[in-house]
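Structure assessment
The primary structure of each chain is shown beneath.
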Amino acid sequence: MITSLFPAPFTRLAQRLSLSAALSVVIMASVAMPAQAGKAVLNLGMSVEPTGLDPTIAAPVAIGQVTWQNVFEGLVSIDESGKVRPQLAKSWDVSPDGLTYTFKLQTGVKFHDGETFNSTTAKFALERARGKDSVNPQKRFFASIASIDTPDPETLVLHLSQSTGSLLYWLGWPASVMVGPKSAASDKTHPVGTGPFKFVNWAKGDKVELAKNEAYWNSQVSVKLDKVTFRFIADPQAQAAALKAGDVDAIPEFAAPELMSSFKDDPRLVTKIGNTELKVVAGMNNSRKPFDDKRVRQALMMAIDRQTVIDGAWSGLGTAIGSHYTPNDPGYQDMTGVLPYNPEKAKALLAEAGYPNGFTFTIKSPQMAYAPRSAQVMQAMFAEIGVTMNIEPTEFPAKWVQDVMKDRAYEMTIVAHAEPMDIDIYSRDPYYFNYKNPVFNDLVKKVQETTDPALQIKINEEAQKILAEDVPALYLFVMPKLGVWDKNLKGLWENEPIPSNVLTNVAWKE
Amino acid sequence: MIALLGRRFAGLILTLAAVSFLIFAVMDLLPGDPASIMLGTSATPETLAALRHELGLDQPLLLRYGQWVAGVLSGDLGQSYTYGVPVAGLIIERLAVTLPLALFAILLSVVIAVPLGTFAAARRDGIADIIATLFSQVSIAVPAFWVALLLIILFSTTLGLMPAGGFPGWGSGLWPALQALVMPATALALPQAGVLTRVTRTAVLETLHEDFTRTALAKGLSARAVLWRHAVPNALVPILTTLGLQFTFLVAGAILVENVFNLPGLGRLAFQALSQRDIIAMQDVVLFFAALVVIMNFLVDMSYLAIDPRLRKDV
C-alpha cells in the first residue's frame, strides 16, 4: 500500500483529505445537477443591471432588455428583422387621412395578477404614458394622440391631431408596453405584464429571476424555458470567466470585442456577430466656431479612415457608416463614399474655410471603452491635417448628460446612439448638435405625414443623403452585437433591431 | 473616566454631523441631474419637471438636507431613486455579503500573519524571517484585484473547481455561499496579511526586548514559553489596533474585488449609485462608511484605555 510508506499521521491526514474531497465532489455535483437535468433553465449574463423594471417610466436600455417581450407586451411588437407585428392588437385599420387608428384587440388576455386586458386597460396604459404627470421617457411618441375611444372591450380607437407615420412602429417599443391599472404603480420593482414570463425575484446588484407563465394567452407560442435568470456582470473579464466556467449560459451582448477570439477554442461555446442599432457618431456643436462651417465638418470627416477607427476601437468588429442610419434599417443607403478618407482634400477644404494651419479643439469623451479608443485614433488622424484635438474624459451618463445634452457646452463629443430609426434627432430643437436645417426638418415632417412605408423609405433616403453631405456629426460605425452562448442553446436573437433579449423561442437542443 | 467617555462620544456625534453635511453638500455639487439620467436622451422639459417634482429635487437644498437627517435619525434612509425601494433594505442586503466577506478576510489574514510574524520575530534573520519579509513585501505590492484575476484563471476557468463569481445568497445554504466567498476573501486578505505580518513581527520583537521577557528567561522559562506566554500576548495591542483599522478598510475597500467577482456588496452599491446619481442611496452609503470609520476609531481608542492603565492615568 502506498500510504504505508508515510508515517501514521500523514496517512490519517490523507484519508481525511480524500474523504473531504469526495464529499465536496458529491456536494458540488448535487448543486450542479438540477440545472443539467431538465434543460429548461437559462442563465443569461448582462453587462448593465436595470434601474427599475418598468420600461414606461425610465429610459435605461437594460430595463427593456429584461422585461420587454418577456414580461411586458405591446399592442404591436417588433420582430427580429425590425418589422412591426401584431401582438395584443390582432389587427388594425388606419383611416385614409392617417388620423384615426382602430385596433382590434386579442380576447382572453390576462395580466400575471389575473387582471383582464381589454380596451379599457389599453386606454389606461396609453393615457398614463401621455398624461400630464407622465415620466415616460418617450412621451413624445404619444404627443399626437388627441383622444382615445373604447366602443367595446375589443376595440380601441386612437384619434390623432396630426398624421404620425411612425406611430405603429413606436407602439412596438419598450416604452409603449401595456401595463395594468392595478399593478402599474408597483411595476418598477414588481413588474406585472401579459407576457410569456412572470417576474419572480430581483436580488438587487445580482440577478432578476423570471418563470414561465403557464397561463400565457398566446396558444401559438410554446415557451420551452421554465426558469430564466438574468445575471448582471459588469466586468468583461468576469463575463468571460463566467462563460468559461459555465456560470452563465449566454451573454447576448458581450462587452469586450478584444476578448471575443478567446472563445474560439472553447468547444462548448459559439460566438455570433450580429448587427445592432448602435451608431457611434462624433457629434459637433454646429453653432460653435469653427464647426458652424460645413467645409470644416466635411474636412474632419475626410480626415478619418473609418476602418482604422473600427480596428482601433472595436477590434475590427463593426460596419462603417456615412450617415445616421444602419444597414438593417429599411431604405439604408451606403453613404460612406460621400466624404471618403482623403487627407489632401481635407487640408484643401480647411484652407478654403480659412484654417490653413488647422485649429485646436476639445472632445468630451465618455468612459465607455469605444469612446476614448475611437477618440485616440481620430486624434492621430486629425493631426495629419494640422488639427489638434484634446481629449477630455467626461463621466457618462451624469456629467455627459449635463454638459452635452442639457447645457450644450461642448465642441465635439462621441457617443453610440442606441435608439433605432432615430434620424429625426437632427430635427429636434433643442438637441445637442445644435443643427438647424429647414430642408431636413421638412423631410422628417413628411415621413410622419404619410403612412405609406414605400414613400417613407424614399424620404428617409433623401434625409440620409443630406446628413452625409452636411455632417452635423462625424459618422463612424455601427457596433456589432457580440453574442456568446452555449452551442446547444437555440432561439436567441442574433441581430438587434431594438435592444432586447426576447426569450419566447429560446430552447435547449433536445 | 465617565467624563472622558462623554467627551469622546460628543466628539463622535459632532464628527458625524459635520460629515453628513459635507456629504450632502458634495453630492449636490456633483454635476449631473438624477432625473435627466433616468429619462435619457429623449426627455422633454415637462417630463423632466414632472420627475424632478416626484423625486423632490425641486425643493431647496437645506430643506432636503433637513428631511434627510430627520429621516436618518428616525431610521428611514429614504427611497433609492433608481431601484425605487428603501435604501435601508438595500444596505442590509449588501451587508449580508460585504460583512461576512470582510470577516472572512480578517480571519484569513490573522491565520496567516500572526504565526508568520511571530516566527519571524523569534528567529530574527533566519529563514522564517526572510520568508515573512518577502511575503509581506510581495503581498502589499500586488493589487488585490490582480490576485483576484489570477485566482479566477487558475481555479475557475482552468481547473473548474470554483465558481468564477456571483453570490448564490445565504438562502442557498452555507456551503455554496462560503464557496463563493473563498477566493474574494483570499484576494482581499493577502495585502492585509502582509501588513499584519510586519506589525506582528515588530511588536513581538519589541516585547522580546522588554525587561519582563528577560526576567522570565532568567527565571528559567523555556524560550518557547516566553514567546507564547509573555511576548505574544503583550504584542496584541498593536495587532488588535491594526485589525480594527483594517476592518473598516476592508468593508469600504472591497469595491474592486466585489467587481471582479461580481459580488453584490456594499462597494458595488456605492459605485452604481454614484454613476447613476442615485443621490439618496449614495449619501446613505457614504454616511454608513463614515460612521463605520468614526465608530471603529472610537472603539479602538477605548480599547487602548481598557487594555493599558497607564493611558487612563495620563488623560
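Residues numbered from 1 in each chain as written. Chains lettered and ligands numbered in written order. Predicted model: local features only at pLDDT ≥ 70, side-chain atom pairs only at ≥ 80, totals over all residues. Heavy atoms only, no water.

**Concerning the overall build of chain A**
Summing up its helical and strand segments, chain A has twelve helices and 20 strands in all. For 510 residues, the compact-globule estimate of 2.2 N^0.38 gives 24 Å, and the C-alpha radius of gyration of chain A, at 26 Å, lies within 12% of that figure. Projecting the C-alpha coordinates of chain A onto the three principal axes gives extents of approximately 90 × 70 × 35 Å. When the 510 residues of chain A are sorted by exposure, 55% land in the buried category. Here the contacts in chain A between residues at least 6 apart in sequence split such that 69% fall between residues at least 24 apart. Element-wise, carbon and sulfur atoms account for 54% of the exposed surface of chain A, whose accessible area totals about 20,600 Å². (Helix = DSSP H or I, 4+ residues; strand = E, 2+ residues; numbered from the N terminus. Rg over C-alpha atoms; globule rule 2.2 N^0.38 Å. Buried < 20%, exposed > 50% of the residue type's maximum accessible area, 1.4 Å probe, protein only. Contact = heavy atoms within 4.5 Å. Areas by Shrake-Rupley, 256 points an atom, 1.4 Å probe, with all protein chains shown as cover.)

**Remarks on the domain arrangement of chain B**
Much of the literature gives interface size as the accessible area that the parts lose upon coming together. All names here are of chain B. Segmentation of chain B into domains returns domain 1 (12–73) and domain 2 (87–314). Here the C-alpha centre of domain 2 lies 35 Å away from the C-alpha centre of domain 1. Regarding the contact of domain 1 and domain 2, the summed buried area is about 1,400 Å², with carbon and sulfur atoms giving 80% of it. Its largest share of buried area at the contact with domain 2, domain 1 owes to Leu12, Met27 and Trp68, together 37% of the area lost on that side. Here domain 1 is connected to domain 2 by zero salt bridges. On inspection of domain 1 and its partner domain 2, the count reaches two residue pairs in polar contact (both at pLDDT 80 or more). For the side of domain 1 that touches domain 2, the elements supplying multiple residues, two or more each, are helix H1 (2–29), helix H2 (34–39) and helix H4 (61–73). With eight residues, H1 is the single largest residue contributor to the side of domain 1 that touches domain 2. (Domains from an automatic or database assignment. Buried area = accessible area lost by both parts, 1.4 Å probe. Salt bridge = Lys/Arg side-chain N within 4 Å of Asp/Glu carboxyl O. Polar contact = N/O pair within 3.5 Å; in protein donor to acceptor, adjacent residues only side chain to side chain.)

**A short note on the UniProt feature "transmembrane region" (unreviewed entry) in chain B**
Residue and element names in this part refer to chain B. Residues given the UniProt feature "transmembrane region" (unreviewed entry) here are residues 12–30, 101–122, 134–161, 173–191, 235–257 and 285–307. With 100% helix and 0% strand, residues 101–122 has end C-alpha atoms that lie 32 Å from one another. Secondary structure across residues 285–307 comprises 100% helix and 0% strand; the distance between its end C-alpha atoms is 32 Å. (UniProt positions renumbered as here; feature names shortened; annotations may be inferred.)

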